[in-house]
Amino acid sequence: MDYKKAGVDIEAGYKSVELMKEHVKKTMREEVLGGLGGFSGAFSLSRIKEMEEPVLLSGTDGCGTKVKLAIIMDKHDTIGIDAVAMCVNDIACAGGEPLFFLDYIACGKNYPNKIADIVKGVAEGCIQSEAALIGGETAEHPGLMPEEDYDLAGFAVGVCDRKDMITGENLKAGDILIGMASTGVHSNGFSLVRKVFEKELTREGLHTTYEELGKTLGEALLAPTRIYVKALKSLKKAGVTVKACSHITGGGFYENVPRMLKEGIRAVIEKDSYPVPAIFKLLAAKGDIKEEMMYNTFNMGLGMIVAVDPAEVDKAMDAIRAAGDTPYVVGSVKAGEKGVDLC
């Protein structure tokens, strides 16, 4: 008896590491010390000494059951972008710069090429967010997971000077809400998505083209989560003061928008102020999902919302566009009970 006969292939693990090295190298920053393969990832903090009061920010998350679609489609090179996005967007939402990321892949069996594809996506997410991929773990779980299955999660650390943190404390009635377009469902609500498309969750079903989507169902659902780090950096570089910020993730608008507000401030969002992507309309129609539940589950086309002073709206819109994102003026804030109105 040996470890391989027990279900864990150490040699496959070595091969996975070799295959992923080329992707990891593309994410390196000058602060990274040492290379891939150590017991821990090392990152120099010398640059943050320039900050008055540096604050470390962290985020950890996964991709939820969206991973199941990647498994069915046998397409694994974008799901890693989702894992990174879910973590770094939260850091950027607080005003921070993501510094580094670590991933964790649990699998029923280590297929080196598949693992390398997953890490390729992780590396792409790190490149988009300018974070270094300084470590990770691939764990084989024979007997716990089916051989073809895997799960992916990650952890990111960022930094911000305390004076630059986005806290919402300076919000006032009349401030304007700007939403940034999402790429689709992102990485939340997939348990409901999979229930609605239960009969279509086959390789053939996901490769079926829908006229209203202009692409296959799988392409629409597997579209990687948009990373908004560069947009937030662009706003800061342009001198725009972001008073509050909300990453629209699980819980949609009703849970996430109030998280950016202080007591005595209420958000008002106009639903017709931006285009709702076709995938959400298809979901609502096919699943007979009420509008309130849609906005309570999904991002409905807006992945990030920022609040700015009315005088800075034009400058903010230009800065977001310069970063490659699409902004919309979607509402404002007013005095009232903390919460959100969708009208």
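(A) View of the nonpolar core. Core analysis: the largest hydrophobic core is formed by 97 residues, its most contacted members being Leu221, Leu232 and Phe253. Tallying contributions element by element places helix H3 (residues 79-93) first for this core, with 10 residues. For Leu232, the contacting residues outside a window of four places in its chain are Ala92, Ile166, Met180, Cys245, Met304 and Val306. Ranked by size, the runner-up nonpolar core spans 9 residues in total, among them Val32, Phe43, Ile134 and Val159.

(B) Region of the structure containing the environment of Lys334. Turning to its location among the elements, Lys334 is positioned in strand S13 (residues 327-335). For Lys334, a relative accessible area of 37% corresponds to the partly exposed category. With 87 residues separating them in the primary sequence, Lys334 and His247 have C-alpha atoms 20 Å apart. In contact with Lys334, other than residues within four places in its own chain, are Ala173, Gly264, Ile265, Arg266, Val268 and Asp341.

(C) Helix H1 (residues 10-25), seen in detail. Given a rise of 1.5 Å per residue, 16 residues ought to cover 22 Å, and the 23 Å separating the end C-alpha atoms of H1 matches this to within 8%. Roughly 30° is the biggest bend found in H1, and it falls at Leu19. For H1, the set of buried residues is Ala12, Ser16, Met20, His23 and Val24. As for H1, its buried residues are in contact with helix H4 (112-129) and strand S5 (132-140).

(D) Up close: the side chain of Thr78. Looking at where Thr78 falls in the secondary structure, it is placed in the loop between helix H2 (66-73) and H3. If we skip the residues at most four places from it in the chain, Thr78 touches Leu222 and Pro224.

Parameters and conventions
- Residues numbered from 1 in each chain as written.
- Predicted model: local features only at pLDDT ≥ 70, side-chain atom pairs only at ≥ 80, totals over all residues.
- Heavy atoms only, no water.
- Core = buried A, V, L, I, M, F, W, Y, C linked by side-chain atoms within 4.5 Å.
- Buried < 20%, exposed > 50% of the residue type's maximum accessible area, 1.4 Å probe, protein only.
- Helix = DSSP H or I, 4+ residues; strand = E, 2+ residues; numbered from the N terminus.
- Contact = heavy atoms within 4.5 Å.
- Expected span 1.5 Å × (residues − 1).
- Bend = angle between axes of the 7 residues up to and from the residue.

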